[in-house]
Amino acid sequence: MAALSPEDPCSYSRPDECKVNSLDLNLEVDFDSKKLCGYVDLTVERMKDGVQNLILDTRDIDIQKITDADNCQELKFSLGEKNTNFGSKLEVQLPLSSTKSKVRVHYETSPQSTALQWLRPEQTAGKRHPYLFSQCQAIHARSMVPCQDTPGIKVPYTAKVTAPRDITVLMSAVRSEPEAHPTDSSKLVHQFNQKVPIPTYLIAIVGGDIESRKIGPRSNVWTEKEMVEAAAFEFSETEKMLQTAEALMGPYIWGQYDLLVLPPSFPYGGMENPCLTFVTPTLLAGDKSLADVVAHEISHSWTGNLVTNRNWEHFWLNEGHTVFVERKITGRLHKSQALLEFMAAGRAKELKETIEVVLKNGPYTRLIPDLKGVDPDDAFSIVPYEKGFSLLFYLETLLGGPEVFEKFLRAYIEKFKQQSIDSDQWKDFLYSYFPDKKDVLDTVEWDKWFFAQGMPPIIPKYDDSLAVPCKQLCQRWSSAGDNELGQFDPNDLTSLTSVQVVEFLALLLEEPKLPVTKVQKMNELYKLNAVKNSEVRLRWLRLCIKAQWKDAIPHVLDFVNEQGRMKFVRPLYRDLYGWEEARPTAIQNFQTHRGEMHNTTATMVAKDLKLT
Ligand code: BES
Ligand code: ZN
């Protein structure tokens, strides 16, 4: 296999030799052939004497020709063999002249591009127009644009995107009014500018029949017409969250903060594309109870998008800090430290399940995993989020509490903004910020925190006052005999918030399997099969599968078929797989729906079902 970068085990590029400084896209969206076609101009700079080639990452990209954009002269190039995890290395012979040049790559994406999902009109809410969206994190940008696809490099970008008139195109950038197409009146040219240098995984595009509603002074929510109202209601606290984040971390520098609610197959809860966060429609609970995902994506505007992990081994710097800030925002908005700690405690239990049961204390349970030869999608889990959060929460207490630590956080962002860093740089800065606390910091078992497999050395003690009623109800259900079910009442859940219901169900999931009679009774009383809240639904359906209640199988299939968020789809498929009687149904359902699924979700579920 072609050599990978010494700086980033998941990229072929060599920015230490020749570095891309900016990127200008000129593309047309072709829904018929499911391709983006056009060219990209890469402004490049030789970093060392004698360097002859520019090395780029690509995956499934059809390169037509490469020229020196200044004089149109063709440049020689060679495309390496395709590696399943990392795609193909593209080597371009640089023009001889100066240290700086502009390389123009004429190319087409493939309908199989792992970054792009192309939806037929029937797969949208409106059913009338096709739809396109991208998801580039972690290493899919290379299947949309030939680029140095490493988060260690940041570039500003511009784009001109041609699309049919009735399609609105948005990108992770500031947009200006679309222009008329010079020759074809059925098309428009959409224009974008991202002046802040960003890593390639933050390049994003969407095209569809979407509309917007203003939800704040710098925010619109975009989605298909059918959902605009619901989305505007659900995310009405966006501006408050932005202001809280600014109070914690300094000014929001990206100008616009818009939200895009995607079609149901979007594989993540949210994606922090600059200027335009992407979110799953499964957040539309109707009561704003799942909007903490927005607080999370907002936080990435600082931790992740301003201060970025240098490569995917240091992903916890992005996600751990972001969860940490997200919870501070949630705590402040609800004026409740107890809520913050309740959320943390709930997720710490999920962390334990993932580390011990799913990942079996294996190599991906390290805070800083070794990703040589590894596709980051395979290593992705809750670990960097919650092990990272645990470390930061523990440090906060150790170093004197929120007042002290929040100042550090702000200084950290100021110090490293617009840079890409690794865990050692973070740690060195921590030591330099607290010169008087070296002794305390030396008591931290850094080696274990960073590199040991399994649970973190310390799980902080969290305030569990909000968990008390959840624990009580869970205890009552798990200890009740079959003839004692009369004690339960449809109103048992009415005094609980939806996060508490999630916690109640999560606690029951940790108990030994319930008899079918109990889950049936629970459904009868609490009408759980009819609950729309996606987080509640996930735990409820997992509980039914654990109880081996056959009647629940169709509900599970409905849920995994009607949305594609991996956080929901993967555990449910894994659970069905583990239940021998349900396994063939699960496999058959997957095979039937695979063609409609997002590429990444389908790839991961196929692995979960041991089909690859
Ligand atoms: N950046 C992530 C999503 C992501 C990570 C996509 C890695 C691809 C590769 C996003 O910010 C995220 O963490 N989303 C979470 C939200 C949650 C932790 C509040 C999700 O999707 O569930
Ligand atoms: Zn995140």
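Residues numbered from 1 in each chain as written. Chains lettered and ligands numbered in written order. Predicted model: local features only at pLDDT ≥ 70, side-chain atom pairs only at ≥ 80, totals over all residues. Heavy atoms only, no water.

Novice: How should the coordination of the zinc ion (ligand 2) be read in this particular structure?
Specialist: Expected angles at a metal are 109.5 degrees for tetrahedral coordination by four donors and either 90 or 180 degrees for octahedral coordination by six donors. At the metal site, the zinc ion (ligand 2) is ligated by His296 (NE2), His300 (NE2), Glu319 (OE) and Glu319 (OE), and these contacts range over 2.0 to 2.7 Å. Metal-centred angles of 53 to 159° between the six donor atoms at the zinc ion (ligand 2) mark the site as irregular. (Donors = N, O, S within 2.8 Å, 3.2 Å for Na, K, Ca; no water. Tetrahedral: all angles 85-135°; square planar, octahedral: opposite > 155°, others 65-115°.)

Novice: Before we go on, may I ask you to explain the pattern of salt bridges in this structure?
Specialist: When their charged atoms lie close together, side chains carrying opposite charge are able to pair. What the rule picks out here adds up to 43 salt bridges. In this structure, Arg218 engages Glu239 in a salt bridge whose closest nitrogen and oxygen atoms are separated by 3.0 Å. Highlighted residues: Arg218 in the loop between strand S15 (210-216) and strand S16 (219-224) and Glu239 in helix H2 (residues 238-249), separated in sequence by 21 residues. For the residue pair Arg218 and Glu239, the accessibility class agrees, reading buried in each case. Salt-bridge contacts for Glu350 lead to Arg539; the nearest nitrogen and oxygen are separated by 2.8 Å. Taken together, the residues Glu350 in helix H5 (residues 337-358) and Arg539 in helix H15 (residues 534-546) connect sequence positions 189 residues apart. Salt bridges sharing partners connect three or more residues here, namely Arg327, Arg347, Glu350, Glu386, Glu535, Arg539, Arg565 and Lys567. (Salt bridge = Lys/Arg side-chain N within 4 Å of Asp/Glu carboxyl O. Helix = DSSP H or I, 4+ residues; strand = E, 2+ residues; numbered from the N terminus. Buried < 20%, exposed > 50% of the residue type's maximum accessible area, 1.4 Å probe, protein only.)

Novice: Mind showing me how you'd approach the site of ligand 1 here?
Specialist: Surrounding ligand 1, one finds 16 residues, the nearest of these being Gln137, Gly269, Glu272, Glu297 and Tyr385. At 2.6 Å, a backbone N or O of Gly269 approaches an oxygen atom of ligand 1. For ligand 1, a nitrogen atom lies 3.3 Å from a polar atom in the backbone of Gly270. Expressed as a share of its isolated accessible area of 520 Å², the protein-covered part of ligand 1 is 91%. Those elements giving two or more residues to the shell around ligand 1 turn out to be strand S18 (270-271), helix H3 (292-299) and helix H4 (315-333). Broken down by element, the shell around ligand 1 gets its largest block of residues, three residues, from H3. For the shell around ligand 1, the class distribution of residues is six nonpolar, six polar and four charged. (Near = heavy atom within 4 Å. Polar contact = N/O pair within 3.5 Å; in protein donor to acceptor, adjacent residues only side chain to side chain. Areas by Shrake-Rupley, 256 points an atom, 1.4 Å probe, with all protein chains shown as cover. Nonpolar A, V, L, I, M, F, W, Y, C, P; charged D, E, K, R; others polar.)

Novice: Could you clarify how one ought to interpret the side chain of Ser11 in this entry?
Specialist: Considering the arrangement of structural elements, one finds Ser11 in the segment before strand S1 (18-30). The exposure class of Ser11 is buried, given its relative accessible area of 0%. One polar contact links Ser11 to Ser13, side chain to side chain, over a distance of 2.8 Å. Apart from residues no more than four positions distant in its own chain, Ser11 is found in contact with Leu4, Ser5, Asp57, Arg142, Asp149 and Thr150. (Contact = heavy atoms within 4.5 Å.)

Novice: Can you help me understand helix H12 (residues 468-479) in this one?
Specialist: Owing to its 3.6 residues per turn, the α-helix brings residues three or four apart onto one side. Taking 1.5 Å of rise per residue, the 12 residues of H12 would be expected to cover 16 Å, and the 16 Å separating its terminal C-alpha atoms lies within 8% of that figure. Among all positions in H12, only Cys470, Leu473, Cys474 and Trp477 are buried. Buried residues of H12, seen end-on, are gathered within an arc of 100° and therefore sit on one face of the element. (Expected span 1.5 Å × (residues − 1). Arc of directions from axis to C-beta.)

Novice: Quick question: what am I supposed to make of the sheet that holds strand S5 (residues 77-79) here?
Specialist: Sheet strands associate in pairs through backbone hydrogen bonding, adopting either a parallel or an antiparallel arrangement. One open sheet accounts for three strands, arranged S3-S6-S5; its pairing is antiparallel. The open sheet terminates on both sides in strands that have one partner only, identified here as strand S3 (53-58) and S5. The mean angle between the axes of side-by-side strands here comes to 15°, regardless of whether they run parallel or antiparallel. Both S3 and strand S6 (residues 88-93) contribute to a ladder of six bridges, which runs antiparallel. Across the sheet, residue Leu54 finds its bridge partner in S6, namely Val92. (Pairing = 2+ DSSP bridges. Axes fitted to C-alpha atoms, helices over the stretch in contact; angles between N-to-C directions.)

Novice: Can you help me understand the state of the cysteines in this one?
Specialist: One way to say it: the disulfide is the covalent bond shared by the sulfur atoms of two cysteines. Under the definition given, this model contains zero disulfides. Cys136 supplies the cysteine sulfur nearest to Cys37, a cysteine that is in no disulfide, at a spacing of 17 Å. You can call Cys37 partly exposed: its relative accessible area is 23%. For Cys470, which is in no disulfide, the shortest distance to another cysteine sulfur is to Cys474 and amounts to 9.3 Å. (Disulfide = S-S within 2.5 Å.)

Novice: Any chance you could explain the pairing of strand S12 (residues 174-180) here in plain terms?
Specialist: Note on strand geometry: in a regular strand, side chains alternate between the two faces of the sheet. As paired strands, S12 and strand S13 (residues 187-198) are joined by five bridges and run antiparallel to one another. What sits directly across from Arg175, in S13, is Phe192. The hairpin formed by S12 and S13 contains six residues between the paired strands.

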